[in-house]
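Structural characterization, general
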Amino acid sequence: MIIEIEKLIYALNQKFKTNIISTDYQTMPLQGGTVGDVYLVTGIAETVDGDKLHYRIVLKIQKQWERYGDPGSWRREYDLYSSDLGATFSQALRWPICYHAELNAEMNEYYLWLEYIDGVTGLDLTSDMYEAAALELGRFQGKLYAEQPAVLQSLTNLSHPDLRKNSYLRYRSWPVVYDYIRSEDCELPLHLRQMLIDIDEQADEIFARIEKLPLVLCHRDFWVTNLIYADGKFALIDWDTSGWGYLGEDLASLIADESDIDNMVENYQRCIPAYYNGFSEYADVSQISDPCVYELILLVFGYRLVEGYLYTEADDEKTKLVDTLQKIYEMKTIPVMV
């Protein structure tokens with residue numbers, strides 16, 4: 001990976017708040033795919049005073065691509081980092097600092113030079129961390145909902161409130177998954193198949209209830225791999241799906257999106273009250289008797305799990321997907337205090 005030294009030095013100037021005159025660098029891929037690449041850039045920078053500064057910084061290169069029903073998502077993170085949204089975060093829940101953002105309009109791609117945060121993430125997060133993340137998410141969304149800062153009106157590239165609903169309806173209209181759970185060839189346990197069939201039959205009524213919940217700024221990819229826990233605080237990465245959504249939408253992702261299966265039911269019990277406690281510090285939610293989090297989990301992830309089951313050949317992966325559906329089934333009977 002070849003980096004333009006001038007841009008790296010500019011980002012390091014912002015990071016260290018001093019005059020960097022030269023630097024070396026090494027790169028290591030962190031993640032990425034066909035639409036973008038993420039690198040950890042490390043090295044030693046030299047200041048104008050001759051000091052040698054070791055550094056770690058993240059370079060994210062995002063190319064244009066189109067997500068179904070959300071054409072602006074490819075450049076959304078650039079747009080958000082170029083806005084004043086960063087001022088709305090707390091120390092307990094924030095995004096990584098962006099030292100430099102550059103849009104290449106001709107190439108339809110952008111570059112973000114971001115803070116590197118070393119912490120606990122993914123399946124290493126504990127149930128206590130899940131609960132703390134839910135609390136801080138509630139506080140963040142509750143504060144924005146109550147205060148309505150001017151930056152919210154200035155954000156023109158946000159995903160639509162119906163994004164989740166449209167995604168579900170697209171899955172439901174796909175015969176591969178819809179017909180499979182209703183067929184004699186379906187290998188999923190009968191009670192899990194019935195759970196999915198029942199949610200289809202009730203979907204219109206459920207969405208009518210969800211759409212009465214407060215509309216809040218959602219991350220919409222609030223899963224464990226995008227959360228980094230360090231020094232008692234959370235950093236949240238990958239904001240390209242963010243937009244207007246309904247109360248509890250992000251919480252559904254935290255609980256069920258490739259999360260800790262063994263503790264999923266416990267996390268469901270713990271995270272919902274924590275989230276609503278955080279939100280209620282800023283806004284009254286006493287009139288909400290049904291948070292619809294269980295329904296959101298099933299609507300967002302039910303057919304996605306079936307799709308994974310159909311297209312996965314590995315037996316252990318199939319077992320994991322069935323176990324996840326089973327945990328969602330068990331949640332239905334769990335009383336949750338809001």
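Residues numbered from 1 in each chain as written. Predicted model: local features only at pLDDT ≥ 70, side-chain atom pairs only at ≥ 80, totals over all residues. Heavy atoms only, no water.

Points about the layout of surface pockets
Unfilled space is identified by rolling a water-sized probe across the atoms. Selection rule: Grid spacing is 1 Å over the protein atoms alone, the probe is 1.4 Å, and a cavity is where that probe fits but cannot get out, while a pocket is an open set with protein on both sides within 12 Å along at least five of seven lines and lining residues have an atom within 4 Å of a point. Grid points are joined across faces, edges and corners, and a volume is the space filled by probe spheres set on the points. Comment: elements are numbered from the N terminus, with helices defined as DSSP H or I runs of at least four residues and strands as E runs of at least two. Put simply, Ala, Val, Leu, Ile, Met, Phe, Trp, Tyr, Cys and Pro go in the nonpolar bin, Asp, Glu, Lys and Arg in the charged bin, and everything else, Gly too, in the polar bin.
Estimates place the volume of the largest pocket at around 710 Å³. Surrounding the largest pocket, 24 residues form its lining, R67, R164, S167, T241 and R304 being those nearest its centre. Every element with two or more residues in the lining of the largest pocket is listed here: α5 (163-172) and α10 (293-311). Ranked by residues supplied to the lining of the largest pocket, first place goes to α5 with seven residues. Residue classes in the lining of the largest pocket are distributed as nine nonpolar, six polar and nine charged. Counted as a void, the second largest pocket has a volume near 400 Å³. Together, 19 residues line the second largest pocket, and L30, Q31, V58, I228 and I237 are the ones closest to its centre. Mapped by element, the contributors of at least two residues to the lining of the second largest pocket are β2 (26-32), β4 (52-63), α2 (76-81) and β7 (109-115). Classifying every residue of the lining of the second largest pocket gives ten nonpolar, four polar and five charged.

Focus: unusual backbone geometry
The phi angle at Q148 is positive, at roughly 45 degrees, despite the residue not being glycine. Mapped onto the fold, Q148 is located in the loop between α3 (127-147) and α4 (150-154). With a phi close to 65 degrees, C292 is a non-glycine residue in the positive phi region. The topology assignment puts C292 in the loop between α9 (264-280) and α10.

So, the pairing of strand β11 (residues 233-236)
Our working definition: In short, DSSP must find at least two bridges between two strands for them to pair.
Alignment of strand β5 (residues 93-94) against β11, held across two bridges, turns out to be parallel. Bridge pairing in β11 places R94 opposite A235. Alignment of strand β10 (residues 227-230) against β11, held across four bridges, turns out to be antiparallel. Looking at the pairing, I228 lines up with A235 of β11.

Section: the side chain of R164
The criterion, for reference: We call two residues in contact whenever any of their non-hydrogen atoms come within 4.5 Å of each other.
Within the secondary structure, R164 sits in helix α5. Ignoring anything within four residues of it in the chain, the contact list for R164 reads R220, D221, E249, S253, V300 and R304.

Brief notes about the nonpolar core
Burial of nonpolar side chains together is a common tendency in soluble globular proteins. Just so we agree on the cut-off: For this analysis, a nonpolar core means a set of buried residues of the types Ala, Val, Leu, Ile, Met, Phe, Trp, Tyr and Cys, connected via side-chain atoms within 4.5 Å. Burial here depends on accessible area, computed with a 1.4 Å probe over protein chains only, as a share of the maximum for the residue type. Under 20% is buried, over 50% is exposed, and the range in between is partly exposed.
Counting residues in each nonpolar core, the largest one holds 90 residues, and the members touching the most others are L188, L247, L251, L254, I255 and I297. Among the elements that make up this core, the one with the highest residue count is α10 (twelve residues). Not counting chain neighbours up to four residues away, the residues in contact with I297 comprise A252, I255, A256, Y268, G302, I328 and M331. Ranked by size, the runner-up nonpolar core spans 16 residues in total, among them L8, I9, Y39 and L59.

Here's the deal with the packing of α10 against helix α11 (residues 315-331)
Our working definition: In this description, a line fitted to the C-alpha atoms serves as the axis of each element, helices being fitted only across the stretch in contact, and the angle between N-to-C directions of two axes falls anywhere from 0 to 180 degrees. Each angle gets one of four labels, with under 35 degrees taken as roughly parallel, over 145 as roughly antiparallel, 65 to 115 as roughly perpendicular, and the rest as oblique. Put simply, a crossing is left-handed when the front helix is turned counterclockwise from the back one by less than a right angle, and right-handed when it is turned clockwise.
Close contact between α10 and α11 brings their axes to 10 Å; oriented N to C, the two are set at 160 degrees. Relative to α11, the element α10 is oriented roughly antiparallel. As α10 runs across α11, the sense of the crossing is left-handed. The segment α10 lies against α11, with Y294, I297, L298, G302, L305, G308, Y309 and L310 engaging K318, L321, V322, T324, L325, I328 and M331. Across the contact of α10 with α11, the residue classes break down as eleven nonpolar, three polar and one charged.

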